[in-house]
Amino acid sequence: MTDGQPDDGASPAAAVGLEPRELGAYFVLTEAVSLLQHQVEQQLRAEGGISYVQFELLARLADTSGPLTMTELADGVVYSRSGLTYQAGLLEEAGLIARGPSPDDERATLVTITGTGLALVGRVLPGHVQVVRQMLFDPLTGDDVGHLGEIMTRVRDHMRAKPPRSAAPRKRRTGPAATAAPQD
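Residues numbered from 1 in each chain as written. Predicted model: local features only at pLDDT ≥ 70, side-chain atom pairs only at ≥ 80, totals over all residues. Heavy atoms only, no water.

Q: Kindly report on the overall build of the protein chain, identifying the contributing residues and their values.
A: Across its full length, the protein chain holds eight helices and three strands. Counting from the amino terminus, the protein chain carries its helices and strands in the arrangement α-α-α-β-α-α-β-β-α-α-α. In the protein chain, buried positions account for 24% of the 184 residues. Of all intrachain contacts in the protein chain linking residues separated by at least 6 positions in sequence, the fraction that spans at least 24 positions is 53%. Here the protein chain has roughly 13,200 Å² of accessible surface; of this, 55% comes from carbon and sulfur atoms. (Helix = DSSP H or I, 4+ residues; strand = E, 2+ residues; numbered from the N terminus. Buried < 20%, exposed > 50% of the residue type's maximum accessible area, 1.4 Å probe, protein only. Contact = heavy atoms within 4.5 Å. Areas by Shrake-Rupley, 256 points an atom, 1.4 Å probe, with all protein chains shown as cover.)

Q: I'd love a proper account of the packing of aromatic side chains, names of residues and values included.
A: Tallied over the entire structure, the rule returns one aromatic pair. Centroid distance Y26 to F27: 5.4 Å. Interplanar angle 50°. Geometry classified as tilted. (Phe/Tyr/Trp six-rings, centres within 6.5 Å; stacked < 30°, edge-to-face > 60°.)

Q: Tell me what's going on with the confidence of the model for the protein chain, and back it up with residues and numbers.
A: Looking at the protein chain, the pLDDT average stands at 85 and 79% of residues meet or exceed 70. Between the elements of the protein chain, mean pLDDT differs from a low of 53, seen in helix 1 (residues 12-16), to a high of 97, seen in helix 6 (residues 115-137). (pLDDT = per-residue confidence, 0-100.)

Q: Account for the nonpolar core, naming residues and giving values.
A: By size, the foremost hydrophobic cluster in this structure holds 25 residues, and its most contacted members are L57, L58, L61, L73 and I97. Secondary structure elements with two or more residues in this core: helix 2 (20-48), helix 3 (52-62), helix 4 (70-77), helix 5 (81-93), strand 3 (109-113) and helix 6. What L58 contacts, discounting residues up to four positions off in sequence, is I50, L91, L96, I97, I113, L120 and V121. (Core = buried A, V, L, I, M, F, W, Y, C linked by side-chain atoms within 4.5 Å.)

Q: Run through helix 2, naming residues and quoting values.
A: Over its 29 residues, helix 2 extends 41 Å from the first C-alpha to the last, a length consistent with the 42 Å expected when each residue adds 1.5 Å. For helix 2, every residue scored as buried is listed here: L23, V40, E41, Q43, L44 and G48. Immediately downstream of helix 2, the backbone of G49 shows phi near 65°, a positive value. (Expected span 1.5 Å × (residues − 1).)

Q: Talk me through the environment of T116; I want residue IDs and the actual numbers.
A: Mapped onto the elements of the fold, T116 is located in helix 6. The sequence separation of T116 and A94 amounts to 22 residues, and the corresponding C-alpha distance is 9.0 Å. In this structure, T116 is in contact with G95 and L96, ignoring residues within four places of it in sequence.

Q: Outline the pattern of salt bridges, supporting the account with residue identities and numerical values.
A: According to the stated counting rule, one finds four salt bridges in the structure shown. A salt bridge links E41 to R45; the shortest N-O distance between them is 3.0 Å. Of this pair, E41 and R45 both sit in helix 2, four residues apart, which is roughly one turn of that helix. Note that R107 is salt-bridged to D105, the shortest N-O span being 3.2 Å. Residue R107 is classed as exposed on the basis of its relative accessible area of 73%. (Salt bridge = Lys/Arg side-chain N within 4 Å of Asp/Glu carboxyl O.)

Q: Tell me what's going on with the side chain of S51, and back it up with residues and numbers.
A: Relative to the elements of secondary structure, S51 occurs in the loop between helix 2 and helix 3. Once you skip the residues sitting within four places of it in the chain, S51 turns out to touch E41, L44, R45 and Q87.

Q: A description of the layout of surface pockets should follow, citing residues and the corresponding values.
A: In this structure, the largest pocket spans a volume of roughly 2,000 Å³. Lining the largest pocket we find 43 residues, and of these V33, Q37, Y52, M152 and R156 sit closest to its centre. Elements with a minimum of two residues in the lining of the largest pocket: helix 2, helix 3, helix 4, helix 6 and helix 7 (142-160). Classifying every residue of the lining of the largest pocket by side-chain character gives 28 nonpolar, seven polar and eight charged. (1 Å grid on protein atoms, 1.4 Å probe; cavity = no way out; pocket = protein on both sides within 12 Å on 5 of 7 lines; lining within 4 Å. Points joined across faces, edges and corners; volume = space filled by probe spheres on them. Nonpolar A, V, L, I, M, F, W, Y, C, P; charged D, E, K, R; others polar.)

Dropping the structure here:
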């Protein structure tokens, strides 16, 4: 019994098997990431009319020396196939990317950034850098940045050791929605 309450193992730490220190670190990390992404999203919408995911796709394409397949793009930004297809459609409609068949693999679709897309990245990047610097790097020392980079690289590499999301088998739908006749 703690603070007059019975110890039934129902605390968040007991439920997930994390030590209080681990749980605290997890919550601090997720809160910091959420706060940073919110500010970045606000800046990107205000200066470029794009979402964080759209910026991430454009920035990845701008940073490559040639086209990427949709699968490479999905794996790189950790996004679902259907979500990427939707976002790519919006970006293509806006003239920011172009999609086309791969000459080497008939199943693959290649994606390239257009000049308009490159110009948009160039326009929003200074504000993006400013937000990231203010929110993330200003309170850190040089040593802190090095340690953060080392730690997060180790965590990311551990997470990426599993097959990419695009390699996961598609789940089959079950239930009424899967068997309903399509609506026109």
